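# Observations on chain architecture
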Amino acid sequence: MASVAKHIMMPKAATPLPAPNVDFYELAETLPAEEQAVLKQVRTFMETMVAPIITKYWVEDAFPFELLPAIKELNIGGVGWKGYGCRGGSGLLAGLVAMEMARFDASISTFSAVHSGLAMGSIYLGGSEEQKQKWLPPMARLEKIGCFGLTEPLTGSGASRGLTTTAKREGNTWIINGQKKWIGNAPWCDVSVIWARDPADDQVKGFIVENKTTPGFKVEKIQNKIALKVVQNGLITMENCRIPEENRLQEDKSFRDTARVLKMTRYMVAWEATGCAMGAYENALKYAQERLQFGKPIGSFQLVQDLIAKMLANITASQCLVVRTAQLEAEGKLTDAHAALAKAFCTAKCRETVAWARELLGGNGIVADYNVARFFADAEALYSYEGTYQMQNMIVGKAVTGLSAFV
Ligand SMILES: Cc1cc2nc3c(=O)[nH]c(=O)nc-3n(C[C@H](O)[C@H](O)[C@H](O)COP(=O)(O)OP(=O)(O)OC[C@H]3O[C@@H](n4cnc5c(N)ncnc54)[C@H](O)[C@@H]3O)c2cc1C
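Given the structure is predicted, the values throughout are model-derived calculations rather than measurements.

Here we take up the pattern of salt bridges. Applying the stated criterion across every chain yields a total of 21 salt bridges. With its nearest N and O atoms 2.7 Å apart, the salt bridge here joins Arg103 to Glu282. Pair noted here: Arg103 is in helix H4 (residues 91-104) and Glu282 is in helix H8 (residues 255-290), with a separation of 179 residues, a long-range link. With respect to burial, Arg103 and Glu282 carry one shared label: buried. Between Lys349 and Glu352 there is a salt bridge whose closest N-O contact spans 3.2 Å. Taken together, the residues Lys349 and Glu352, both in helix H10 (residues 336-360) and 3 residues apart, mark about one turn of the helix.

Our focus in this paragraph is the packing of H4 against helix H9 (residues 302-330). Two elements in contact, H4 and H9, have axes whose closest approach is 8 Å; the angle formed by their N-to-C orientations is 150°. Taken as a pair, H4 and H9 cross one another with a handedness that is right-handed. Contacts between H4 and H9 pair Gly91, Leu92 and Met99 from the former with Gln319, Val323, Ala326 and Glu329 from the latter.

The next subject is the environment of Gly216. Inspection of the secondary structure assignment puts Gly216 in the loop between strand S5 (203-210) and strand S6 (217-221). Separated by 49 residues in the primary sequence, Gly216 and Thr265 place their C-alpha atoms 29 Å from one another. With sequence-adjacent residues up to four places away left out, Gly216 is seen in contact with Thr237, Met238, Glu239 and Cys241.

Its 13 residues give helix H12 (residues 389-401) an end-to-end C-alpha distance of 18 Å, which sits within 8% of 18 Å, the value for a rise of 1.5 Å per residue. All of the buried residues along H12 are Met391, Gln392, Ile395 and Val396. Viewed end-on, H12 has its buried residues packed into an arc of 140°, placing them on one side of the element. Buried residues in H12 make contact with H8 and H10. Gly402 occupies a position one or two residues after H12 and carries a positive phi of about 80°.

All right, on to the site of the ligand then. The environment of the ligand is formed by 18 residues, the closest being Phe148, Thr151, Ser157, Thr388 and Gln390. The contact in question runs from an oxygen atom of the ligand to an N or O atom on the backbone of Glu386, over 3.2 Å. Separating an oxygen atom of the ligand from a side-chain N or O atom of Thr388 is a distance of 2.6 Å. Relative to its unbound accessible surface of 970 Å², the ligand loses 65% to contact with the protein.

About the thresholds
Each chain has its residues counted from 1, following the order in which its sequence is written. In keeping with the predicted nature of the model, local features appear solely for residues at pLDDT of at least 70, side-chain atom pairs appear and are counted solely at 80 or more, and the whole-chain, interface and lining totals rest on all residues. Only hydrogens and water are set aside; all other atoms, that is, all heavy atoms of the structure, feed into the side-chain values. Just to be clear on terms, a salt bridge is a Lys or Arg side-chain nitrogen sitting within 4 Å of an Asp or Glu carboxyl oxygen. For the purposes of this entry, the term helix denotes a DSSP run of H or I that reaches at least four residues, the term strand denotes a run of E that reaches at least two, and both are numbered from the N terminus. Each residue gets one of three labels from its accessible area relative to the maximum for its type: buried under 20%, exposed over 50%, partly exposed in between, using a 1.4 Å probe on protein chains only. Where helices are involved, their axes are fitted lines through C-alpha atoms of the stretch in contact, as for all axes, and angles between N-to-C directions lie from 0 to 180°. Left-handed describes a crossing whose near helix is turned anticlockwise from the far helix by less than a right angle; the clockwise case is right-handed. In what follows, a contact means two residues having at least one pair of non-hydrogen atoms within 4.5 Å. Working rule for helices: expected span equals 1.5 Å times residues minus one. What the arc describes is the spread of directions from the helix axis to the C-beta atoms. Being near a molecule or strand, for a residue, means having at least one of its heavy atoms within 4 Å of it. Distance and chemistry together define a polar contact, namely a pair of N or O atoms within 3.5 Å, with one atom able to donate a hydrogen and the other to accept it when in protein, and with adjacent residues in sequence counting only for side-chain atoms on both sides. In short, Shrake-Rupley with a 1.4 Å probe defines the accessible areas, and a residue's cover is counted only from the protein chains shown.

Structure representation (structure tokens):
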């Protein structure tokens, strides 16, 4: 990548300017000391190993497999889940880890959230004791990487009622047929949690499928994405895949159980969106301190400071909201509507914030080398995945009005 500084730097200011502070209300202080140490480890990893190389991978649509050994070392597989070799820790820690990762790169945080949250969470919440014992420890160690297959080419927002992938029982075997679209990590991972409708009782059931050894299971990488380009998303096609009954998630009875997983992971997207906005803000603020126009740093202009203050306000409001969401979760009070409101608000504020950051860089804001365009584009995926803005607001609307807008 070209040197960024030489294109924007003019003479240094006489007195050093403050470094960006994205934890304006000191929320990280509320974490216990041992969890702050985990967070610091994640920050150091993202800062020293991910930040220097990630733009190149993003531009090339490639996943940095070279980072996997260091990610394993972080021991954050299954952060927030207790037992079965998982990291454990509070929901607040899980959220702050997701936020810290996304602050440097939303693709790496998405990779981690799909594996630890969606895939491991499905097994943690819906698996039998034996299934948890068998699958979670190797996944926690990142020896087996997982994905989560719910969305289909023709069924996205309407997945609760419209899944066309079928699972038909024949003795102790299930025969799965259908397609799953957009599935993060699928082109290279080991284990898929696949959601399919059982025509016998018309209920959605979850299955653990081994990607590399199941005949009839194929994955094509989705090409030409403009957001989260580092995450490898797949179109999965299953033709008469034979899955043993022991791989059906034994505690899951209907889509309500799928929704339990989504409640947890949706509010994690709120954390990721907050992190994505923080990353864009930090880079834009540094730029505003260094870039001169009319002989002065652009950060000294009133209208630029207005943008900077509005970005920080969005970020701080989102941080306060996700921290409270984690407290509700810890108290066992988190509802679908709480999670939906957090996801909708934080992703919308992220989208607004990254657009202001991009604007602040002028033309350089659309060039990947300047470290804002990546956040700007990635926010679009955060806004739409795990339930669009409209779907979240309909969940909130139903809860507060008592009237369902779902058809
Ligand atoms: C980068 C990325 C990664 C993803 N990773 C995964 C993954 O790992 N696993 C997985 O299963 N899925 C994944 N998804 C899928 C994602 O969850 C869906 O894209 C999302 O739920 C929206 O579905 P859709 O794209 O089919 O849009 P649609 O459902 O077709 O919606 C299109 C538009 O119509 C609006 N709309 C739909 N119905 C209504 C309504 N009743 N009222 C008002 N507006 C409505 C939506 O809000 C949206 O604006 C991923 C998607 C992306 C982009």
